[in-house]
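# Tertiary structure, described
So you can see what is in the structure, the chains are spelled out below.
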Amino acid sequence: MSPQSVTPWYKQVWPWFLLGLLGVSIFASSTLAVMAIRTSDGLVQDDYYEHGRAINVVIAKQERARELNLSAELRIDPLTSDIVLDLDGDVHPDTLYLKLIFPTQDDRDQQFVLEHVREGRYLAQGPDNLRYRWYLQLQPDEEDADWRLIGVARFPNENSIALLPGGRSESE
């Protein structure tokens, strides 16, 4: 009988392959855990309960805009970033506040003050290089507004965007 030569385990391929898979999975899960801890969740608001209770106030603002026969056409020039807004309705305040709200990241939200130049036309200098889909809110006061117009737009967009009381129409 001849003795068989047995190679030690560390010279085999399969144990190192299995240990490598285990090491890769530990590294990947650790990396994902660190990323989850360090980045904030922009989709969940800290005061979500208060926002939920305030939905009736938002509906009342949109109903007030409907009572005043308000609607607006918004254009943002993709080259010069000029914001031009034409407001139709019974009121024309001296300034309007336009909020651009990004759907998933609240740190990308922007607000602009539009100045009344003539007969329902408002102007402001807008943001550069708008991309993707945004929610739009137009109101006469920054905090305590009497009415609100809303809309949805996808940028860049050379067409006009309708801002309506309560109805969202997306411009492609």
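Let me sum up the structure you'll find in this document. Every chain is numbered on its own, with residues counted from 1 as its sequence reads. In view of the model being predicted, local features appear only for residues whose pLDDT reaches at least 70, and side-chain atom pairs are presented and counted only at 80 or more, with totals across whole chains, interfaces and linings using the full set of residues. Computation of side-chain values covers all heavy atoms of the structure but excludes hydrogens and water.

## Some details on the overall build of the chain
Helix numbering and strand numbering both begin at the N terminus, where a helix is a DSSP run of H or I of at least 4 residues and a strand a DSSP run of E of at least 2. A tally of regular secondary structure across the chain gives three helices and nine strands. For the chain, the succession of helices and strands along the chain, N to C, is α-α-α-β-β-β-β-β-β-β-β-β. Taking 16 Å as the expected radius of gyration for a compact globule of 172 residues, we find that the chain reaches 28 Å, considerably beyond that expectation. For the C-alpha atoms alone, the extent of the chain along its principal axes is close to 105 × 40 × 25 Å. Values of the radius of gyration come from C-alpha atoms, whereas the globule rule sets the reference at 2.2 Å times the count of residues to the power 0.38.

## Notes on the packing of aromatic side chains
Think of it this way: a Phe, Tyr or Trp ring, Trp meaning its six-membered ring, pairs with another when their centres are within 6.5 Å, and the plane angle makes it stacked under 30 degrees, edge-to-face over 60, tilted otherwise. If you walk through the whole model with that rule in mind, you get five aromatic pairs. Measuring from ring centre to ring centre gives 5.0 Å for F102 and W134, while their planes differ by 70°; the resulting arrangement is edge-to-face. A residue pair is termed long-range when its members are at least 10 positions apart, and F102 in the loop between β3 (95–101) and β4 (110–118) and W134 in strand β6 (residues 132–139) qualify at 32 residues. Like W134, F102 is buried. Members of the aromatic cluster, each reached through a chain of ring pairs, are W9, Y10 and W16. Charge-over-ring contacts are defined here by two conditions on Lys NZ or Arg CZ: a distance within 6 Å of the ring centre and an angle within 35 degrees of the ring normal. Between R108 and the ring centre of F102, over which it is positioned, the NZ or CZ distance is 4.0 Å. Only protein chains enter the calculation, and the probe is 1.4 Å; a residue is then buried if its accessible area is under 20% of its type maximum, exposed if over 50%, and partly exposed in between.

## Let's talk about the side chain of K61
Relative to the assigned elements, K61 resides in helix α3 (residues 55–67). Any two residues whose heavy atoms approach within 4.5 Å at even a single point are treated as in contact. Apart from residues lying up to four places away in sequence, K61 is in contact with E143, A145, D146, W147 and R148.

## Notes on a nonpolar patch on the surface
Like charges are joined within 9 Å and nonpolar side chains (Val, Leu, Ile, Met, Phe, Trp, Tyr) within 5 Å, but only among residues with over 30% relative accessible area and no salt bridge; these make up the patches. Only the protein chains shown count as covering a residue, and every accessible area follows the Shrake-Rupley method with a 1.4 Å probe. When a carboxyl oxygen of Asp or Glu is within 4 Å of a side-chain nitrogen of Lys or Arg, the pair counts as a salt bridge. A cluster of nonpolar residues, W9, Y10, W16, L19, L22 and I26, forms a patch on the protein surface that exposes about 690 Å² of accessible area. Of note, L19 is situated in helix α1 (residues 14–38). The exposure class of L19 is partly exposed, given its relative accessible area of 45%.

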